[in-house]
Amino acid sequence: MSTPLWPVAASAHAAEIDLLFLALLALVVLLSLPVFVLLIGFALRYREGRDVNRSERVDRSLWLEVSWAAIPFALSLVFFFWAAKLYADLQRPPEDALEIEVVARQWMWKTQHPGGQREINELHVPQGRPVVLSMTSEDVIHSLYFPALRIKQDVLPGRTTRLWFEAGEPGTHHLLCTEFCGTAHSEMRGRIVVMAPAAYEDWLERQPLAPTLAARGAELYRSLGCSGCHEASDVVRAPPLEGVFGSPVPLMSGEVIIADEAYIRDSILLPMKDIAAGYEPLMPSFANRIEEEQLIELVAYIKSLGGAGEYRR
Ligand code: CUA
């Protein structure tokens, strides 16, 4: 079923969201229709001047009053648990999901596949395989929305958010920005192309290869001189970065912090904020020396060095 008001459901999740929506709509009709029918019916029947029997007035009925509160409450709770389960599923991408990087900027979506294939305002994905989008923004808040998959997620500067799905039948659907992000917000759209697995492999092979975010980050890591301190060296001691992503880091302050994307980013821009225990506060800030895009690449490189993180690649 597809109309302008009701896009196709391109995943099992989308079909279930539709079912949830329709069932909730049915419940709302079921609960509100009798109220309006009786309201109008009684208003007509007992209107002023009408000669009807008004003597059998019921003052209270405990049974009636409890039941009209308890039954709708129980029915509504079913929807709470159903929706909570769907929401919780969306928060946990499967471990073996194909991870695609998404970088948003005014006003385009840049995507990159694990092999280095890059796209702009397009996203090709294989059918029947979980795909997790690892998303960040170079400037303002954007929000990635796939109406056909019934999912959307804000994309924030300085943070990594994730969105996952498993697309059904091959097809082409809208990809939209759904957060007002400036004058050309309405043009920040593209398409998602769901392909059969073999067609997707073919498509990947036909794309020119570009260095991945992590590979570009590795290049910067050397050219900015990070490797001089963070790799085995006798000159300056700095924490080694292999395996740090997602791991607990003891700080000089006595606290322990998990090295997530935000921590790595802070360490590059505000190195004096959280000093790792056992190291001198020597690192210079890179706040005015690197572009947002380069920062995203550096964080991707440090993630690629592995670690205990849930989303390690
Ligand atoms: Cu990006 Cu609206």
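Since we're looking at a predicted model, the values are computed, not measured.

### Let's talk about the overall build of the chain
Helix and strand content of the chain: seven helices and twelve strands. Principal-axis analysis of the C-alpha atoms places the extent of the chain at approximately 100 × 50 × 40 Å. Within the chain, buried positions represent 38% of all 313 residues. Within the chain, counting contacts between residues at least 6 apart in sequence, those at least 24 apart form 64% of the total. In the structure as shown, the chain presents an accessible area of about 18600 Å², 61% of it carried by carbon and sulfur atoms.

### Looking at a nonpolar patch on the surface
Taken together, Phe21, Leu22, Leu25, Val29, Leu33 and Val37 make up a surface patch of nonpolar side chains, about 540 Å² in accessible area. With respect to the helices, strands and loops of the structure, Leu22 is situated in helix H1 (residues 12-45). Accessibility expressed as a relative area gives 39% for Leu22, which makes it partly exposed.

### Here we look at helix H7 (residues 292-304)
Taking 1.5 Å as the rise per residue, H7 with 13 residues should run 18 Å; its terminal C-alpha atoms sit 19 Å apart, in good agreement. What H7 keeps buried is the set Leu295, Ile296, Glu297, Leu298, Val299, Ala300, Tyr301, Ile302 and Lys303.

### Concerning the side chain of Glu297
Tracing the sequence through the fold places Glu297 in helix H7. Within the structure, Glu297 has its side chain in polar contact with the side chain of Arg216 (distance 3.0 Å). Look past the residues within four positions of Glu297 in its chain and what remains in contact with it is Leu213, Ala214, Arg216, Gly217 and Leu220.

### Focus on helix H3 (residues 197-206)
Tyr200, Trp203 and Leu204 are the residues of H3 that are buried. Looking down the long axis of H3, one finds its buried residues gathered within 100° of arc, a one-sided arrangement. Opposite the buried face of H3, at more than 90 degrees from it, the exposed residues are Ala198, Glu205 and Arg206.

### With respect to the sheet that holds strand S3 (residues 118-120)
The five strands are arranged S3-S2-S1-S5-S8 in an open sheet whose pairing can be described as mixed. Two strands bound the open sheet, and with one partner strand each, they are S3 and strand S8 (161-166). The average undirected angle you get between the axes of adjacent strands in this sheet is 25°. Summarising the sheet, strand S5 (residues 130-137) and S8 pair through six bridges and their orientation is antiparallel.

### With respect to the pattern of salt bridges
This model, assessed by the stated rule, comprises twelve salt bridges. Among the salt bridges present, the one from Arg162 reaches Glu261, with a minimum N-O distance of 3.1 Å. Within this pair, whereas Arg162 is found in strand S8, its partner Glu261 is found in helix H6 (residues 261-269), the two being separated by 99 residues in sequence. Residue Arg162 shares its accessibility class with Glu261, and that shared class is buried. Through salt bridges with shared partners, a single network forms among Arg105, Lys110, Glu138 and Glu293.

### Topic: the nonpolar core
Where a protein is soluble and globular, its nonpolar side chains tend to be buried together. Ranked by internal contacts, the top residues of the largest apolar core, which has 31 residues, are Trp109, Leu123, Val125, Leu133, Leu144, Phe146 and Phe165. In terms of nonpolar packing, the next biggest core, distinct from the first, is built from 21 residues, Ala218, Cys226, Leu251 and Leu298 among them.

Cut-offs used in this document
Residues numbered from 1 in each chain as written. Predicted model: local features only at pLDDT ≥ 70, side-chain atom pairs only at ≥ 80, totals over all residues. Heavy atoms only, no water. Helix = DSSP H or I, 4+ residues; strand = E, 2+ residues; numbered from the N terminus. Buried < 20%, exposed > 50% of the residue type's maximum accessible area, 1.4 Å probe, protein only. Contact = heavy atoms within 4.5 Å. Areas by Shrake-Rupley, 256 points an atom, 1.4 Å probe, with all protein chains shown as cover. Patch = residues over 30% accessible without salt bridge, like charges linked within 9 Å, V, L, I, M, F, W, Y side chains within 5 Å. Salt bridge = Lys/Arg side-chain N within 4 Å of Asp/Glu carboxyl O. Expected span 1.5 Å × (residues − 1). Polar contact = N/O pair within 3.5 Å; in protein donor to acceptor, adjacent residues only side chain to side chain. Arc of directions from axis to C-beta. Pairing = 2+ DSSP bridges. Axes fitted to C-alpha atoms, helices over the stretch in contact; angles between N-to-C directions. Core = buried A, V, L, I, M, F, W, Y, C linked by side-chain atoms within 4.5 Å.

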